[in-house]
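Here is how the chains run, residue by residue.
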Amino acid sequence: MSPDHGFSREYPDGRPLQEQGLFHKKFPTDTDEDNLVSRLEFTKCLVLTSGAMAAGQCWIAANSLLGEKAIYPEKAIVKVSELPPGGAMVFHYPGDEPCVLARLSEDKWVAYGQKCTHLACAVIPRPSHGDLYCPCHRGFFEIENGRPIAGPPRRPLPRVTLAVRDGVIYATGWEVRSQ
Ligand code: FES
């Protein structure tokens, strides 16, 4: 008996694989040709998958780069004369997002998003203690830089960038920060 068990490797019309239609090209009757097609299909699949993954990585990288360049509106918060050193207040920026502003000294101001980075409770600025306090699970953040110093929070508070102009404090955007 022949190695192909008596089955003919010929196509019904006698033409070679290259001249066959799509069906026979995808499913050749010859084992060697079938293996070759499978390898080609696998290689094609590998190249396409790798290409898609590379494109995805490029998209993520481009997105994070563009994210850092997001433009926020400038918004007046308070007159310098209305918040004495050691004072703090809540404001909203850029829309409804609650934030806190604290005046640490005559010319040092800091502002952060008010949502605790643990489970989003509202933090309370306490300039006299040098911290922002989250009463939900006793979380503490350093008021100078917003970094967590005690309790469950592990990430710093998002920081609002500020500008002082003509005696008024303005929120100008969000600082991109890692840990
Ligand atoms: S929500 Fe702030 S410490 Fe848990």
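These lines cover the structure that appears in this document, whether it is placed above or below. The model shown is predicted, which means the values in this text are computed figures rather than measured ones. Every residue gets a number counted from 1 within its own chain, in the order that chain's sequence is written. Only residues with pLDDT of at least 70 are given local features in this predicted model, and only at 80 or more are side-chain atom pairs given and counted; all residues enter the totals for whole chains, interfaces and linings.

## Examining the overall build of the protein chain
Defined as follows: Numbered from the N terminus, helices here are DSSP runs of H or I no shorter than four residues, and strands are runs of E no shorter than two. Put simply, a residue is buried when 20 or more other C-beta atoms lie within 10 Å of its own C-beta and exposed when 12 or fewer do; between those, it is partly exposed, and each C-beta is set from the backbone. Residue pairs qualify as contacts under a 7 Å threshold applied to their C-beta atoms, which are placed from the backbone.
When helices and strands are tallied, the protein chain shows two helices and 10 strands. Scanning the protein chain from its N terminus toward the C terminus, one meets helices and strands in the order α-α-β-β-β-β-β-β-β-β-β-β. Buried positions account for 15% of the 179 residues belonging to the protein chain. Within the protein chain, contacts between residues separated by at least 24 positions form 31% of all contacts whose residues are at least 6 apart in sequence.

## Digging into the environment of Pro125
The residue Pro125 is located in strand β5 (residues 124-126) in this model. According to the C-beta neighbour criterion, Pro125 is buried, with 24 such atoms within 10 Å. Each C-alpha atom, one on Pro125 and one on Ile143, is 7.4 Å from the other, the two residues being 18 residues apart in sequence. With residues up to four places along the chain from it excluded, the contact list for Pro125 reads Ala88, Val100, Ala102, Leu132 and Ile143.

## Points about the nonpolar core
For the record, the criterion: Defined on buried residues, the nonpolar core groups Ala, Val, Leu, Ile, Met, Phe, Trp, Tyr and Cys residues joined through C-beta atoms within 7 Å.
In this structure, Cys99, Val100, Leu101, Ala111, Tyr112, Val123 and Leu132 are the most contacted members of the largest nonpolar core, which totals 19 residues. Of all the elements in the fold, those that place two or more residues in this core are β3 (98-105), β4 (108-113), β6 (131-134) and β10 (168-174). With near-sequence residues (within four places) excluded, Tyr112 lies in contact with Cys99, Val100, Leu132, Gly146, Leu157, Pro158, Arg159 and Val160.

## Re the sheet that holds β10
The criterion, for reference: In short, DSSP must find at least two bridges between two strands for them to pair. Helix axes use the C-alpha atoms of the stretch in contact, all axes being lines fitted to C-alpha atoms, and the angles between their N-to-C directions lie in the range 0 to 180 degrees.
Taking strand neighbours across the sheet as the criterion, the three strands line up as β1-β10-β9 in an open arrangement whose pairing is antiparallel. The open sheet has two free edges, formed respectively by β1 (75-79) and β9 (160-165), since each of these has just one partner strand. Direction aside, the axes of adjacent strands within the sheet are offset by 35° on average. In this sheet, β10 lies alongside β1 in antiparallel orientation, the contact comprising four bridges.

## Comments concerning the pairing of strand β2 (residues 88-92)
Where β2 lies against β3, five bridges are found, and the strand directions are antiparallel. Its bridge partner lying in β3, Phe91 is registered against Cys99. Hairpin connection between β2 and β3: a loop of five residues separates the two successive antiparallel strands.

## Considering unusual backbone geometry
Looking along the chain, the bond that leaves Tyr93 and enters Pro94 is cis, with omega of -10°. Its place among the elements puts Pro94 in the loop between β2 and β3. Even without being a glycine, Asp166 presents a positive backbone phi close to 50°. For Asp166, the location among the structural elements is in the loop between β9 and β10.

## A closer look at the sheet that holds β4
Taken together, three strands build an open sheet; the order of strands is β2-β3-β4 and the sheet is antiparallel. Both edges of this open sheet fall to β2 and β4, since each of them pairs with a single strand only. Between one strand and the next, the sheet's axes are offset by a mean angle of 25°, whatever the strand orientation.

## A closer look at the environment of Pro135
Tracing the sequence through the fold places Pro135 in the loop between β6 and β7 (139-142). Ignoring anything within four residues of it in the chain, the contact list for Pro135 reads Cys121 and Ile124.

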